[in-house]
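# An overview of the molecular structure
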Amino acid sequence: MVKQTIQIFARVKPTVRKQQQGIYSIDEDEKLTPSLEIILPRDLADGFVNNKRESYRFKFQRIFDQDAKQETIFENIAKPVAESVLAGYNGTIFAYGQTGSGKTFTITGGAERYSDRGIIPRTLSYIFEQLQKDSSKIYTTHISYLEIYNECGYDLLDPRHEASSLEDLPKVTVLEDPDQNIHLKNLSLHQAATEEEALNLLFLGDTNRMIAETPMNQASTRSHCIFTIHLSSKEPGSATVRHAKLHLVDLAGSERVAKTGVGGQLLTEAKYINLSLHYLEQVIIALSEKHRSHIPYRNSMMTSVLRDSLGGNCMTTMIATLSLEKRNIDESISTCRFAQRVALIKNEAVLNEEIDPKLMIIRLQKEIQELKDELAIVTGEQRTEALTEAELLQLEKLITSFLEDQDPESKLEVGTDMRKIHHCFHYLKKLLNDKKIHRQSTAPSENKDQNCQEPLKEEEYKKLRDILQQRDNEINILVNMLKKEKKKAQDALHLSSVDRSQLSHGQSSPFPPGNPDGPKTLPFSASTQALDSSTSPYRSSLLHRKTGMREEMSLGRQEAFEIFKRDHADSVTIEDNKQILKQRFAEAKALGESINEARSKIGRLKEEITQRHVQQVALGISENIPVPSMPDQLEEKLRSQLEEEKRRYKTMFARLKALKVEIEHLQLLMDKAKVKLQKEFEAWWAKEATSLQVNSPAVTPSNHVKPFPQMSEAQHERSQPLSNKSIPERPVSSVPLTGDSQTDSDILAFIKARHNILQRTGFQ
């Protein structure tokens, strides 16, 4: 059992504009606990007399300033918790702060650069890396992703639904058993055998999250999200299983409605967010007070789910995210006060071990059968029915395994049934009689063979045996030398054919299986294509399912989409990621070729060392001199070159694995940006089409325009590029329609979109 208080850390968000000096200071004395001092500016006071406090000081385990990197956050906060989860303890990391203070960036990460990965993807990478290193246990990993929006739980990873909106996802309900353990109904668990599968599940859940734009944050998460990693481990042959779970919680940001001035749906969301955070603070206050009998966990769904994390069987860490700008001083002080109350809570984390249920069932069934047999003996119950064929066959198998067992203390356990005991004795008697008959039949033939042999003299026999042994040794040496020479010729022929085939294909392998000592290699193109084929179908189907992307779009929509994509703010990020991805692919290809060269060189060096040994042995036999026990200077040189190539191979292979992880993450970032771009284009297109149909007189019954049979002029204008010279200003109502409502809507919306784009860019 590990008893400790909740660990609290602080992270300061970088400011957008130049920060006023003197608002906060960080004191990180090695002998004392680090502290954060927030200084209130003088101009915040009304009037000449100000009796308010001018500074506040708060203590944390560690404080990360504005220049702190994501890797530093993971190494100091998340890595110790992940190590405790691998050891069998429960863990929780949650971020708390006002809206726009950097909670989602800290937990999930940014979508622009690979270095901006948050705690969740870095923790997944670390856990799967440790699982691959530890081969002494059998590990099983499952993932779940829960979202709490307006006090309703939703499963973000539901496999049975293709949700187009949050309401289509199944609702998760909280159930409690008599032992006050929490169970979540309708929350699915997905097994993840590799890091790539876990990251795909994270990407799928992130696309379903509820995000909206608020005055404080352009992409504010309007819900609480709990990403949970369930880990179970078992040693081979052991009856105990260890279970552990890691909650990575991204809380929604609190905000003051009077300050932000939101309304409508955003106001409703803000009410539920502030209410759930209020209930969380009530639980924290109740846990920090001594002699408190009742803890209000059931007030909200979030506190019910995180019951173990707050004052229970868990090792919990809190990250207080602060936006220390002049306008956010009050919210930052409130966040720090909340963190100080959280630090007073003590958790008692225990090792989660239990006996394997399958082994427990087998043991109980065996015990029940033994008790039934003992009861039958005590009561004197006689069984008169005959044994079945299956029971007789099972008894014969037990007797056979008992006789073949070499252990002198082995036992033949058939229970207390006298029918089975009698059958075992009869079967053993039958086996013994059959063995005696077999011996009697083979004895005369053996005696006859022995009488036919002529005795040899002892001296002649010894002389012939020595001569035969000497000839055998000479023949074996010559045969081995011929085999080595033949193998060398075959290897040279095979190597030349492999080189010609590799030159014809022009590819090499970046991911050689196993260690560099192995003889097998894979072409680079095959492994790269396997990587792409394993990830691209999932991503393409995911993009098609989440965005509703049409396979065939009209020419107008295609041209409008290209212009929309070109003017979008994320287009620069997408292009940058494409260039980085091309560079990483090229680097991986070159690295794969270098790895193959290193493998070939290692093989050649090994062959040279082996050939050197064969030559020394042959020379010793032919000249009758002993083989030297120590390697000569040439062999030492070959061995040093071999070790150098092995070290070079391991270094390049480790770099190649890192490149593979970075390439997969960059592909996920690009897919996420494409999903966002497609969704925003669909919304913009629908809005333009709706407003055009409502405002245009061409679609009203009174001003109905007859369809034109020829569309050459409109098609010609549609095919022209967007420029101020080629597109004349034309009223929307004068556009000829086709009679098809869908096509008319596409044409009108496209022309209106072009008109708006030209006005915005200053062409008209």
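For the structure given in this document, a descriptive report is provided here. Since this is a predicted model, take the numbers as computed values, not measurements. (Residues numbered from 1 in each chain as written. Predicted model: local features only at pLDDT ≥ 70, side-chain atom pairs only at ≥ 80, totals over all residues. Heavy atoms only, no water.)

### Side note on the packing of helix α3 (residues 119-133) against helix α4 (residues 195-207)
Relative to each other, α3 and α4 sit at 160°, their axes nearing to 10 Å. Of the possible angle classes, the one that applies to α3 and α4 is roughly antiparallel. The hand of the α3/α4 crossing is right-handed. In contact with Ile120, Pro121, Leu124, Ser125 and Phe128 of α3, α4 contributes Glu195, Ala198, Leu199 and Leu202. (Axes fitted to C-alpha atoms, helices over the stretch in contact; angles between N-to-C directions. Helix = DSSP H or I, 4+ residues; strand = E, 2+ residues; numbered from the N terminus. Parallel < 35°, antiparallel > 145°, perpendicular 65-115°, else oblique. Left-handed = near helix turned anticlockwise from the far one by under 90°. Contact = heavy atoms within 4.5 Å.)

### Focus on unusual backbone geometry
The phi angle at Asn150 is positive, at roughly 55°, despite the residue not being glycine. Tracing the backbone shows Asn150 in the loop between β8 (138-149) and β9 (152-155). Owing to a relative accessible area of 19%, Asn150 belongs among the buried residues under this scheme. Positive phi is not limited to glycine here, since Glu151 has a value of about 60°. If you trace the backbone, Glu151 turns up in the loop between β8 and β9. Owing to a relative accessible area of 26%, Glu151 belongs among the partly exposed residues under this scheme. (Buried < 20%, exposed > 50% of the residue type's maximum accessible area, 1.4 Å probe, protein only.)

### Regarding the pairing of strand β10 (residues 171-176)
Sheet topology note: the β9/β10 ladder contains 2 bridges and is antiparallel. Note on β10: the bridge partner recorded for Tyr154 is Lys171. In the sheet, β10 pairs with strand β11 (residues 182-185) via 4 bridges, with the strands oriented antiparallel. Bridging from a neighbouring strand, Leu175 pairs with His183 of β11. Connecting β10 to the next strand, β11, in antiparallel fashion are 5 residues, including Gln180 with a positive phi near 65°. (Pairing = 2+ DSSP bridges.)

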